[in-house]
Amino acid sequence: MSLKNFNNNTNLFADLKVNNYISIYDVPVDTKIKFIGFFFNGKAEYPHYVLVDENGNGYSLPTHLNKKFDEIKEDREAIEEIKAGLAVFSVYEYEKETKKKGKTVTNTYRSINIDVEEAAGNGDELPFN
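Please read all numbers here as calculations on a predicted model, not as lab measurements.

What counts, and at which threshold
- Residues numbered from 1 in each chain as written.
- Predicted model: local features only at pLDDT ≥ 70, side-chain atom pairs only at ≥ 80, totals over all residues.
- Heavy atoms only, no water.
- Helix = DSSP H or I, 4+ residues; strand = E, 2+ residues; numbered from the N terminus.
- Buried < 20%, exposed > 50% of the residue type's maximum accessible area, 1.4 Å probe, protein only.
- Contact = heavy atoms within 4.5 Å.
- Areas by Shrake-Rupley, 256 points an atom, 1.4 Å probe, with all protein chains shown as cover.
- Core = buried A, V, L, I, M, F, W, Y, C linked by side-chain atoms within 4.5 Å.
- Pairing = 2+ DSSP bridges.
- Axes fitted to C-alpha atoms, helices over the stretch in contact; angles between N-to-C directions.
- Salt bridge = Lys/Arg side-chain N within 4 Å of Asp/Glu carboxyl O.
- Phe/Tyr/Trp six-rings, centres within 6.5 Å; stacked < 30°, edge-to-face > 60°.

**Q** Any chance you could explain the overall build of the chain here in plain terms?
**A** For the chain, the helix and strand inventory stands at three helices and seven strands. Along its sequence from the N terminus, the chain presents helices and strands in the succession α-β-β-β-β-β-α-α-β-β. Residues counted as buried form 38% of the 129 residues belonging to the chain. Sequence separation of at least 24 residues holds for 53% of the intrachain contacts in the chain that already meet a minimum separation of 6. Accessible area for the chain stands at about 8100 Å²; split by element, carbon and sulfur atoms hold 46% of it.

Encoded structure:
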């Protein structure tokens, strides 16, 4: 693969095709989804990474994961696990309190856990968390 694919923080998996974009807020919590690649969507209002599954679904991730995916792009072993079809993610929810106009407000957010499929054998986590 040419270094130009890494140069501008874009798609490491040039052959990925996304037919349908899905928010992680539309994914059931704790459902494992296998993904085969990811890319950076720099054209979005809030640039973010997108995970792509075998069916061409693209899962838009929250921007707080951008730094982690910037790091994983440089991890050859993790990229090979993804290309081998061993990577899965699941959505989880968490609450965060903020103060607005003197009142405490609790909001529910979502993020993801990423792992290597148990069927693959070693069960080691990818370095995303």
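Next comes the rest of the description.
**Q** Would you take a moment to explain the nonpolar core for this structure?
**A** Soluble globular proteins tend to bury their nonpolar side chains together. Judged by nonpolar contacts, the single largest core of 27 residues is most densely connected at Phe38, Leu51, Leu61, Phe69, Phe89 and Ile112. Contributing elements (two or more residues each) for this core: strand 3 (37-41), strand 4 (48-52), helix 2 (66-72), helix 3 (76-83), strand 6 (87-100) and strand 7 (103-116). Of the residues forming this core, the biggest block, four residues, is contributed by strand 4.

**Q** Would you take a moment to explain the sheet that holds strand 4 for this structure?
**A** What holds strands together in a sheet is hydrogen bonding between their backbones, with the strands either parallel or antiparallel. Pairing is mixed in the open sheet, where four strands are placed in the order 1-5-4-3. Single-partner strands in this sheet number two, and they are strand 1 (20-23) and strand 3. Strand-to-strand twist across the sheet, computed as the mean angle between neighbouring axes with direction ignored, equals 30°.

**Q** Can you walk me through the pattern of salt bridges in this structure?
**A** Opposite charge on two side chains lets them pair, provided their charged atoms get close. In this structure the tally under the stated criterion is two salt bridges. For arginine 110, the salt bridge is made with glutamate 93, and the minimal N-O distance between the two is 3.1 Å. In this pair, arginine 110 sits in strand 7 while glutamate 93 sits in strand 6, placing the two residues 17 residues apart along the sequence.

**Q** How should the packing of aromatic side chains be read in this particular structure?
**A** To describe a pair of aromatic rings, one takes the distance between the centres and the angle between the planes. Tallied over the full model, the rule gives eight aromatic pairs. Each residue in the set Phe38, Phe40, Tyr49 and Phe69 is aromatic and connected to the rest through ring pairs, giving one cluster.

**Q** Is there a simple way to think about unusual backbone geometry in this case?
**A** Across residues other than glycine, the phi torsion is negative in most instances, and most of the peptide bonds are trans. For aspartate 30, which is not glycine, the phi torsion reads 70° and is therefore positive. Assessed through its relative accessible area of 59%, aspartate 30 is described here as exposed.

The values reported here are purely geometric and, on their own, carry no functional implication.
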